[in-house]
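Residue strings, one per chain:
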Amino acid sequence: MFKDGLLRGRRILVTGGGTGLGKGMAETFLALGAEVFICGRRKSVCEATAAELTGKHGGKVGVYGVDIRDAAAVDAMVADIFASGPLTDLINNAAGNFISRTEDLSTRGFDAIANIVMHGTFYVTHAVGRRWIAGGHRGNVVSIVVTWIYNGHTMTMSLATEWASHGIRLNAIAPGVIPTEGASKRLSPGETPGERTARINPMGRVGRMEELANLATFLISDGCEWLTGQTITLDGGQSHATGASFYELRNWTDAQWQAARESIKAQNEKDRAQRAV
């Protein structure tokens, strides 16, 4: 879809780039010639991803084991990257999510998500953006949000106007369901990944990784420099047809919710074990 070497000379940080959607985008950027940096709480997973991607495409993939909820750790990572040259692009992809009835949600559970999705996304954007401004560098930020609530949209709109005079653009993508292990096991436990979406989506299917990666590449490319402050929904029309909510889960029984909680807990424990490696 894109010419070879389109992103040559670009230095791109993808948060949550060791797995899932982040890994898919990182691979596309690397294949198009960019130098890529990925971070995640499980450094060993990021290292394995870096080895896999460079083995397939060559190039460079820098790895950081960072919890983006830690503002000081985020700033140290970004400082280390900028020591060898400024980033050109930031992909805010790191996220936390799980399905739960609100009455069953603990304050700790709420904070676990909010501190990644809201605070962490801001910490990374702020650490990168202020260095761009101080150094007189142009830059692009693409944030991955969700169709049922544009959690990053307010920041995207606000900073798009505030930082436009510095040549910094911010846009967001709200993808529908593109099955990945982590998200599927926390948002659709007990189901075949994408099964529910394929049943109710107007196009009758889930999204594909390359569709997200291609849109992200377009948004950071030099061909659309007047596009900023926008959130683009990529979901086959599902949010228009269903509101992109979990309303259909109203029919779940208490036993089904309990089974979902146990499945999510098992996945969380598996992830924690990998972070300890």
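About the criteria used
- By convention here, each chain's residues receive numbers from 1 onward along its written sequence.
- The predicted origin of the model limits local features to residues at a pLDDT of at least 70 and limits the giving and counting of side-chain atom pairs to 80 or more, whereas totals for whole chains, interfaces and linings rest on all residues.
- Here the side-chain values reflect all heavy atoms present in the structure, with hydrogen atoms and water set aside.
- Secondary structure counts use DSSP, requiring at least four H or I residues in a row for a helix and at least two E residues in a row for a strand, with both numbered from the N terminus.
- For the radius of gyration, the atoms used are the C-alpha atoms, and the globule rule reads 2.2 Å times the number of residues raised to 0.38.
- Relative accessible area decides the class of each residue, using a 1.4 Å probe on protein chains only: under 20% of the type maximum gives buried, over 50% gives exposed, and in between gives partly exposed.
- Residues count as neighbours in contact if any of their non-hydrogen atoms are within 4.5 Å of one another.
- As used throughout, the charge tally considers Lys and Arg to be positive and Asp and Glu to be negative, leaving His and the chain termini uncounted.
- Each charge is placed at NZ for Lys, CZ for Arg, CG for Asp and CD for Glu.
- Put simply, buried Ala, Val, Leu, Ile, Met, Phe, Trp, Tyr and Cys residues joined by side-chain atoms within 4.5 Å make one nonpolar core.
- Fitting a line to C-alpha atoms yields each axis, with helices limited to the stretch in contact; the angle taken between N-to-C directions then spans 0 to 180 degrees.
- By definition, turning the near helix anticlockwise from the far helix through less than a right angle yields a left-handed crossing, and turning it clockwise yields a right-handed one.
- Lys, Arg, Asp and Glu make up the charged group, whereas Ala, Val, Leu, Ile, Met, Phe, Trp, Tyr, Cys and Pro make up the nonpolar group; the residues left over, Gly among them, are polar.
- The term polar contact refers here to a pair of N or O atoms within 3.5 Å; inside protein, the definition further demands a hydrogen-donor-capable atom paired with an acceptor-capable atom, and it admits residues adjacent in sequence only when both atoms are side-chain atoms.
- Should an angle fall under 35 degrees it is called roughly parallel, over 145 degrees roughly antiparallel, and 65 to 115 degrees roughly perpendicular, with every other angle called oblique.
- The arc under discussion is defined with respect to the helix axis, by the directions toward the C-beta atoms.
- At least two bridges found by DSSP between two strands is the condition for calling them paired.
- Salt bridge, as applied in this entry: a Lys or Arg side-chain nitrogen positioned within 4 Å of an Asp or Glu carboxyl oxygen.

### Focus on the overall build of the chain
Reasoning step 1: If you tally the helices and strands in the chain, you get 10 helices and seven strands.
Reasoning step 2: In terms of C-alpha radius of gyration, the chain reaches 18 Å, essentially the compact-globule figure of 19 Å for 277 residues.
Reasoning step 3: Within the chain, the fraction of its 277 residues that count as buried is 44%.
Reasoning step 4: Sequence separation of at least 24 residues holds for 78% of the intrachain contacts in the chain that already meet a minimum separation of 6.
Reasoning step 5: On the chain, the mean spot of the 29 positive side-chain charges and the mean spot of the 27 negative ones are 2 Å from each other.

### Here we look at the nonpolar core
Nonpolar side chains in soluble globular proteins tend to be buried together.
Reasoning step 1: Ile 12, Val 14, Met 25, Phe 29, Val 36, Ile 91 and Ile 173 are the most contacted members of the largest nonpolar core, which totals 27 residues.
Reasoning step 2: Contributing elements (two or more residues each) for this core: β1 (11-15), α1 (20-31), β2 (35-40), α2 (43-57), β5 (139-144) and α8 (209-220).
Reasoning step 3: Looking at which element gives the most residues to this core, the answer is α8, with six residues.
Reasoning step 4: Ranked by size, the runner-up nonpolar core spans 26 residues in total, among them Val 66, Ala 127, Ala 160 and Leu 170.

### Here's the deal with the packing of helix α3 (residues 71-82) against helix α4 (residues 107-135)
Reasoning step 1: Where α3 meets α4, the closest approach of the two axes is 9 Å, and the angle between their N-to-C directions is 40°. Crossing geometry of α3 relative to α4 is assigned as right-handed. Here α3 contributes Ala 71, Val 74, Asp 75, Val 78, Ala 79 and Phe 82 to the contact with α4, which in turn contributes Tyr 123, Val 124, Ala 127, Val 128, Arg 130, Arg 131 and Trp 132.
Reasoning step 2: Taken together, the residues of the contact of α3 with α4 sort by class into 10 nonpolar, no polar and three charged.

### Here's the deal with the side chain of Arg 11
Reasoning step 1: Mapping Arg 11 onto the fold places it in strand β1.
Reasoning step 2: For Arg 11, a relative accessible area of 11% puts it in the buried group.
Reasoning step 3: At 3.1 Å, the side chain of Arg 11 forms a polar contact with the side chain of Glu 35.
Reasoning step 4: A distance of 3.1 Å separates a polar atom in the side chain of Arg 11 from the backbone oxygen of Pro 86.
Reasoning step 5: Setting aside residues up to four positions removed in sequence, Arg 11 forms contacts with Glu 35, Phe 37, Ile 81, Ser 84, Gly 85, Pro 86, Leu 87, Thr 88 and Asp 89.

### Some details on the environment of Ala 114
Reasoning step 1: Structurally, Ala 114 is set in helix α4.
Reasoning step 2: When its relative accessible area of 9% is taken as the criterion, Ala 114 is described as buried.
Reasoning step 3: Remark: the alpha-carbon pair of Ala 114 and Ala 95, spanning 19 residues in sequence, is separated by 9.2 Å.

### Remarks on the packing of α1 against α8
Reasoning step 1: Close contact between α1 and α8 brings their axes to 9 Å; oriented N to C, the two are set at 60°. Taken as axis vectors, α1 and α8 run oblique relative to one another. Classified by chirality, the crossing of α8 by α1 is right-handed. Only Met 209, Leu 212, Ala 213, Ala 216, Thr 217 and Ile 220 of α8 make contact with α1, whose side of the interface consists of Gly 20, Leu 21, Gly 24, Met 25, Thr 28 and Phe 29.
Reasoning step 2: For the contact of α1 with α8, a count of residues per class yields eight nonpolar, four polar and no charged.

### Considerations on helix α5 (residues 153-162)
Residues that lie three or four places apart on an α-helix share one face, since the helix turns once every 3.6 residues.
Reasoning step 1: Buried within α5 are the following residues: His 153, Met 155, Thr 156, Leu 159 and Ala 160. For α5, the angular spread of the buried residues around the axis is 160°, confining them to a single face. Along α5, exposed side chains directed more than 90 degrees from the buried face belong to Thr 154, Thr 161 and Glu 162.
Reasoning step 2: Check the buried side of α5 and you find it contacts β4 (89-92), α4, β5, β6 (168-175) and β7 (231-234).

### Notes on the sheet that holds β1
Within a sheet, neighbouring strands are paired by backbone hydrogen bonds and run either parallel or antiparallel to one another.
Reasoning step 1: A sheet is described by the order of its strands in space; here seven strands give the open sequence β3-β2-β1-β4-β5-β6-β7, paired in parallel fashion. Every interior strand has two partners, whereas the edge strands, β3 (61-65) and β7, have only one. Ignoring which end each strand starts from, the neighbouring axes of this sheet average 15° apart.
Reasoning step 2: Strands in contact with α5 are β4, β5, β6 and β7; relative to β6, the strand with the most contacts, it is inclined by about 160°.

### A closer look at the pattern of salt bridges
Reasoning step 1: All told, the structure shown has 14 salt bridges when counted by the stated rule.
Reasoning step 2: Here Glu 103 ties to Arg 101 by a salt bridge, and the two come within 3.9 Å at their closest N and O atoms.
Reasoning step 3: Put simply, Arg 208 and Glu 211 hold a salt bridge, and the shortest N to O gap is 3.7 Å.
Reasoning step 4: Each of Arg 101, Glu 103, Asp 104, Asp 254 and Arg 261 takes part in one network of salt bridges that share partners.

Read these as geometric descriptors, not functional statements.
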